Amino acid sequence: MSGDRAAPTAPPSPAVPARARALAARLAGLFETDHEIVARLNGAHHLLTGANDRLRSDPAADPLRVHQQIDRAFCTYRQACEQRRQLAVDVGELSAWLTDALTAAGYHPQQARAANVHELAAGTWRPTDETREDQQ
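Residues numbered from 1 in each chain as written. Predicted model: local features only at pLDDT ≥ 70, side-chain atom pairs only at ≥ 80, totals over all residues. Heavy atoms only, no water.

Chemist: I'm lost on the overall build of the protein chain in this one. Help?
Modeler: If you tally the helices and strands in the protein chain, you get five helices and zero strands. A buried classification covers 26% of the 136 residues belonging to the protein chain. Within the protein chain, residue pairs in contact and separated by at least 24 positions form 70% of the contacts whose partners lie at least 6 positions apart. If you sum the accessible surface of the protein chain, you get close to 9,400 Å²; carbon and sulfur atoms cover 53% of it. (Helix = DSSP H or I, 4+ residues; strand = E, 2+ residues; numbered from the N terminus. Buried < 20%, exposed > 50% of the residue type's maximum accessible area, 1.4 Å probe, protein only. Contact = heavy atoms within 4.5 Å. Areas by Shrake-Rupley, 256 points an atom, 1.4 Å probe, with all protein chains shown as cover.)

Chemist: Help me out: how do you make sense of helix 1 (residues 18-57) in this one?
Modeler: Three- or four-residue spacings in an α-helix give side chains the same orientation, since the helix completes a turn every 3.6 residues. For helix 1, built from 40 residues, the straight-helix expectation of 58 Å at 1.5 Å per residue is met to within 8% by its first-to-last C-alpha distance of 59 Å. Turning to helix 1, its buried residues number three or more, namely Ala20, Leu23, Ala24, Leu27, Ala28, Leu30, Asp34, Ile37, Leu41, Ala44, Gly50 and Ala51. The inward-facing, buried residues of helix 1 contact helix 2 (63-104) and helix 4 (117-122). (Expected span 1.5 Å × (residues − 1).)

Chemist: Is there a simple way to think about the pattern of salt bridges in this case?
Modeler: Here the idea is simple: oppositely charged side chains can pair when their charged atoms come close. In total, this model carries three salt bridges according to the counting rule given. When the shortest N-O distance is used, the salt bridge between Arg84 and Asp34 registers 2.6 Å. Taken together, the positions of Arg84 in helix 2 and Asp34 in helix 1 put the pair 50 residues apart, joining distant regions of the chain. Ionic pairing is found between Glu82 and Arg85, a salt bridge with its closest N-O pair at 2.6 Å. In this pair, Glu82 and Arg85 both sit in helix 2, three residues apart, roughly one turn of the helix. Residue class for Glu82 comes out partly exposed when judged on its relative accessible area of 33%. In this structure Arg85 comes out as partly exposed when scored by relative accessible area, which is 45%. (Salt bridge = Lys/Arg side-chain N within 4 Å of Asp/Glu carboxyl O.)

Chemist: Please explain the confidence of the model for the protein chain as it appears in this structure.
Modeler: Interpretation of the predicted coordinates at a detailed level should be avoided for regions scoring low in pLDDT. Across the protein chain, pLDDT averages 90, with 87% of residues at or above 70. Segment residues 131-136: pLDDT under 50, and nine contacts once partners within four positions in sequence are set aside and those in other chains are kept. (pLDDT = per-residue confidence, 0-100.)

Chemist: Looking at this structure, I do not really get helix 2. What am I missing?
Modeler: With 42 residues, helix 2 extends 61 Å between its outermost C-alpha atoms, agreeing within 8% with the 62 Å of an ideal straight helix rising 1.5 Å per residue. Among all positions in helix 2, only Val66, Gln69, Ala73, Ala80, Leu87, Val91, Leu94, Leu98, Thr99, Ala101 and Leu102 are buried. Along its buried surface, helix 2 packs onto helix 1, helix 3 (109-114) and helix 4. The N-cap residue of helix 2 is Asp62: its side-chain oxygen and the backbone nitrogen of Leu64 are 3.2 Å apart. Positive phi appears at Gly106, one or two residues downstream of helix 2, with a value of about 115°. (Polar contact = N/O pair within 3.5 Å; in protein donor to acceptor, adjacent residues only side chain to side chain.)

Chemist: Quick question: what am I supposed to make of the side chain of Thr99 here?
Modeler: Structurally, the position occupied by Thr99 is in helix 2. With residues near it in sequence (within four places) discarded, Thr99 still touches Ala112 and Arg113.

Structural data, given as structure tokens:
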């Protein structure tokens, strides 16, 4: 009955360690923080745009008020940029630890780097077939 043989399947994926899921959850949280920082950067941009529009379109605009708005926007921008820089360091460090945890568990480094942190944190992540083909 050679016609009844099942097609070969890929070997099962290694188990995802709890440490990898915890690191992924921390990374997912940092990505949410990044989203909040980007919103502040956008807010600073809108403040600057509004101040610029007032300077161009309203010759009677209060220069002190416009200056305060510009100063506030630059301070917000500077703080958000520094927070984002610090966040990038944390993301890089956690990403390296996550890759190490997954490769130690038996995943290919490409699979570890391509892992979706939200799915990992939820326990639903599975490496894609494309990634498996890449490692052969």
